[in-house]
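Structural characterization, general
Single-letter residue listing:
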Amino acid sequence: MNPTLAQAKTALGIETNADFARFLGLPRQSMTGRDEHKPIPDGWCWRAAQKRPELFSPAPKSPRRRKTAAA
């Protein structure tokens, strides 16, 4: 699940929406009226993961065990 705007800004150490927009390479106006407690859009999360994969990449999937046929 994507982080909220507030969580993403906190993880990056950013305080303002304008700084977060600059980090993503978006116009500042795209932050106008955004709810801080709703998840950020998928495209923004993808952009953030490109720049800071250690913070925004999806969690690694746990390896699945193969079921072996009982003889």
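Everything below is about the structure printed above this text.
So, here is what we can say about the structure in this document.

Procedures and definitions
Residues numbered from 1 in each chain as written. Predicted model: local features only at pLDDT ≥ 70, side-chain atom pairs only at ≥ 80, totals over all residues. Heavy atoms only, no water. Axes fitted to C-alpha atoms, helices over the stretch in contact; angles between N-to-C directions. Helix = DSSP H or I, 4+ residues; strand = E, 2+ residues; numbered from the N terminus. Parallel < 35°, antiparallel > 145°, perpendicular 65-115°, else oblique. Contact = heavy atoms within 4.5 Å. Nonpolar A, V, L, I, M, F, W, Y, C, P; charged D, E, K, R; others polar. Salt bridge = Lys/Arg side-chain N within 4 Å of Asp/Glu carboxyl O. Buried < 20%, exposed > 50% of the residue type's maximum accessible area, 1.4 Å probe, protein only.

Now for the packing of helix 1 (residues 5–12) against helix 2 (residues 17–24). Packing of helix 1 against helix 2 brings their axes to within 11 Å, and their N-to-C directions diverge by 75°. In terms of their interaxial angle, helix 1 and helix 2 are classed as roughly perpendicular. Of helix 2, the residues touching helix 1 (which contributes Leu5, Ala8, Lys9 and Leu12) are Asn17, Phe20 and Phe23. When the residues that make up the contact of helix 1 with helix 2 are grouped by side-chain class, the tally is five nonpolar, one polar and one charged.

Applying the stated criterion to the full structure yields three salt bridges. Where Glu36 meets Lys9, a salt bridge forms, and the shortest distance between an N and an O atom there is 3.0 Å. Linking Glu36 in the loop between helix 2 and helix 3 (42–51) with Lys9 in helix 1, this pair joins segments that are 27 residues apart in sequence. The partly exposed category is assigned to Glu36, whose relative accessible area is 25%. Glu54 is the salt-bridge partner of Arg52, the closest N and O atoms lying 2.6 Å from each other.

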